[in-house]
Amino acid sequence: MERENFGSKLGVVLAAAGSAVGLGNIWRFPVETGQNGGAAFIIVYLICIVLLGIPIMMSEFFIGRSTHLNAAGAYRKLAPGTKWNWVGRLGVLTGFIILSYYSVVAGWTAQYTVLSVANYFDGKSATDYIQIFNDCSANPWLSISAMLGFMLLTHFVVVRGVKSGIEKFSKVMMPALFIIIIILVICSVSLPGASKGVEYLLKPDFSKIDGSVILSAMGQAFFSLSLGLGCLCTYASYFDKDTNLGKTAFKVSIIDSFVAIMAGFIIFPAVFNIGYQLEGSDVGPSLIFITLPNVFQQSFTSLPILSYLFAVMFYFLLVVAALTSTISMHEVVTAYVSEEFNMIRRKAAWIVTLTCSFVGLFCALSFGPLSNVKIFGFSLFDFFDYVSSNIFLPVGGLLISIFIGWYLDKKYVKEEITNGGTIRVPYFKAFILILRYVAPIAIGLILLNQLGLFAFMK
Ligand code: PHE
């Protein structure tokens, strides 16, 4: 089957950054930062990005680009006759699961965009926002149709292919996303009382760092960079031979961290401005859907049009960020189905869309009619989130680092990372050292701690 490549270097960076930048940055990062003590968490998070994120991203790029195959096929080619291709298969399964529940939250962001465009938040009280969120998430029809709509949007970009679908979409949407972010940051930090929020993000209190803060920071780094499930490996299978893998990983990580921190600068000054203390329910997962609409309304009481525009831009930003990420998850599974089962792309994409929507249906219903159905005490949605982000992603990252650090011939790895010796990679030794020791030990500890098998810190 003829395989496409990305058309330009900028397209490569923007598509990979599109995968990385998502609800993880704008929704999960501020919540995690708020729950883990602010600036100190951000510093630990950034250390995780540099020490684990960039090397593992480079590894995924290496696996994809050196084989030009889907996640499972890539391992089969690099390690024929072994069980390593199961790492790829696990990744595809993880992508499938994340796509199913992520589309539900993405559907809410679409509902909120519509509501904010219709000026529905105008004149509402704090309790109204709780009701609005309950209506959006617990009403089966609303929640399911929004999820299905989002899945279809994703589908139509993916079926158009790598160059005229994914790359073209990212090239238009990512710059739009940066512009919206900058406007929102400027608005937010110029609010009266914003300085408390800025201080919260910039003044670390190191006494706040403990084991659970470090673990959350690592988990967040994985999720946010889309690592551990072969997503960036699949994208890299469409890279040209002269793409600099190290530089690309570096750029994508910088963009991703920048957007996450900017999301903090949008949200915290605005939240402090209206006197919320970052405690209790103000900063839970409902931050974006219950706390923020209220913040937007109260921030510009003398100029309501600004409240309106702020809300519309913010929710639109979430939709775009979520969409470039769902596209990348869909692509991992579509490339796998299409190549491993020898199927045309369109048919493979439909199979993925329909089966994912089916599973997504149950995730959506777990906020309403199925809220009593529990697996190991979790709702279906929480179970999928927990298993995929907290177990499958770290396991994927651990296996990737062992695969490259211990299994593969380093000469071959070096040949590919240096583009056949044509570019200098002075950090190659450090890269291997991290994959051999630092990453497996660190990730192994996260996993054991998360599973409650071994507590190495409070
Ligand atoms: N990185 C995305 C985000 O921050 C989520 C994601 C995870 C996307 C795994 C693809 C694969 O929202």
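Right above here is the structure, for reference.
Residues numbered from 1 in each chain as written. Predicted model: local features only at pLDDT ≥ 70, side-chain atom pairs only at ≥ 80, totals over all residues. Heavy atoms only, no water.

**Here we look at unusual backbone geometry**
The line we're drawing: Think of it this way: any DSSP run of H or I at least four residues long counts as a helix, any run of E at least two long counts as a strand, and we number them from the N terminus. Whether a residue is buried, partly exposed or exposed follows from its accessible area with a 1.4 Å probe, protein chains only, as a fraction of its type maximum: under 20%, in between, or over 50%, in that order.
Residues other than glycine seldom take positive phi values, yet Asn119 does so here, at roughly 55 degrees. Notably, Asn342 is not glycine yet its phi reads approximately 50 degrees, a positive angle. Inspection of the secondary structure puts Asn342 in the loop between α14 (304–340) and α15 (345–365). Classification of Asn342 by relative accessible area gives exposed; the value is 66%.

**Describing the packing of aromatic side chains**
Put simply, the rule is: Note on ring pairs: Phe, Tyr and Trp rings are taken, using the six-membered ring of Trp, and paired if centres are within 6.5 Å. Classes follow the plane angle, with under 30 degrees stacked, over 60 edge-to-face and the rest tilted. Counted as over-ring charges are cases with an Arg CZ or a Lys NZ within 6 Å of the ring centre that also lie within 35 degrees of the ring normal.
In total, this model carries 39 aromatic pairs according to the counting rule given. Aromatic side chains Phe378 and Phe383 sit 6.4 Å apart centroid to centroid with 50 degrees between the ring planes, which places their arrangement in the tilted category. Over the aromatic face of Tyr120 sits the side chain of Lys124, whose NZ or CZ is 4.4 Å from the ring centroid.

**Notes on the site of the ligand**
So the rule is basically this: Nearness here has a simple test: a residue counts as near a molecule or strand if at least one of its heavy atoms is within 4 Å of that partner. We define a polar contact as two N or O atoms separated by no more than 3.5 Å, with the added condition that, inside protein, one atom must be a possible hydrogen donor and the other a possible acceptor, whereas residues neighbouring each other in sequence contribute only through side-chain atom pairs. In these tables, accessible area is a Shrake-Rupley quantity obtained with a 1.4 Å probe, and a residue counts as shielded only by the protein chains included in the view. For cavity detection a 1 Å grid was placed over the protein atoms alone, and a set of points counts as a cavity when a 1.4 Å probe fits there but cannot get out; an open set counts as a pocket when protein lies on both sides within 12 Å along at least five of seven lines, with lining residues being those that have an atom within 4 Å of a point. Cavities and pockets are treated as containing a molecule whenever more than half of the molecule's atoms lie within 2 Å of their grid points. All residues other than Ala, Val, Leu, Ile, Met, Phe, Trp, Tyr, Cys, Pro, Asp, Glu, Lys and Arg, Gly among them, are scored as polar; the first ten of these are nonpolar and the last four charged.
The environment of the ligand is formed by 15 residues, the closest being Ala20, Gly24, Tyr102, Phe223 and Ser226. Within the backbone of Gly24, a nitrogen or oxygen atom sits 2.7 Å from an oxygen atom of the ligand. Between Ser224 and the ligand, the recorded distance is 3.0 Å, taken from a backbone N or O atom to a nitrogen atom. For the ligand, the accessible surface in isolation is 320 Å², of which the surrounding protein chains cover 100%. Under a 2 Å grid-point criterion requiring more than half of the atoms, the pocket assigned to the ligand is the largest cavity. Only α1 (9–20), α2 (23–35), α10 (211–224) and α14 provide two or more residues apiece to the shell around the ligand. Of the residues contributing to the shell around the ligand, the split by class is 7 nonpolar, 8 polar and no charged.

**Examining a nonpolar patch on the surface**
Which entries qualify depends on this criterion: To count toward a patch, a residue needs a relative accessible area above 30% and no salt bridge. Like charges then connect within 9 Å, nonpolar side chains (Val, Leu, Ile, Met, Phe, Trp, Tyr) within 5 Å. The salt bridge definition used is simple: a Lys or Arg side-chain nitrogen within 4 Å of an Asp or Glu carboxyl oxygen.
On the surface, Ile43, Ile47, Leu51, Phe206, Trp406, Leu433, Tyr437, Val438 and Ile441 cluster together into a nonpolar patch covering about 850 Å² of accessible area. Counting residues per element, the ones that place at least two in the nonpolar patch are α3 (39–67) and α18 (428–450). Considering every element that reaches the nonpolar patch, the biggest residue donor is α18, with 4 residues. Note that Leu433 resides in helix α18. Judged by its relative accessible area of 52%, Leu433 is exposed.

**Here's the deal with the environment of Ala110**
For clarity, the cut-off: Working rule for contacts: check all heavy atoms of both residues, and any pair within 4.5 Å makes them a contact.
Relative to the assigned elements, Ala110 resides in helix α5 (residues 85–117). Separated by 209 residues in the primary sequence, Ala110 and Val319 have C-alpha atoms spaced 6.0 Å apart. The residues touching Ala110, leaving out its near neighbours within four places in the chain, are Phe150 and Val319.

**Regarding the side chain of Asn70**
Take Asn70: it is sitting in the loop between α3 and α4 (71–78). A residue is classified by how much of its surface remains accessible, and Asn70, at 0% relative accessible area, is buried. Here Glu339 takes part through its side chain, which lies 2.9 Å from a polar atom of the side chain of Asn70. Other than its neighbours up to four places away in sequence, Asn70 contacts Arg3, Ala335, Tyr336, Glu339 and Glu340.

**Some remarks on empty space enclosed by the protein**
Rule in force here: Grid points are joined across faces, edges and corners, and a volume is the space filled by probe spheres set on the points.
Per the stated rule, a full pass over the model turns up 4 cavities of 30 Å³ or more. Put simply, the largest cavity is a space of about 150 Å³. Ser19, Ile98, Phe223, Ser226 and Met329 are, among the 19 residues lining the largest cavity, the residues nearest its centre. Among the secondary structure elements, those contributing two or more residues to the lining of the largest cavity are α1, α2, α5, α10 and α14. Residue composition of the lining of the largest cavity, by class: 11 nonpolar, 8 polar and no charged.

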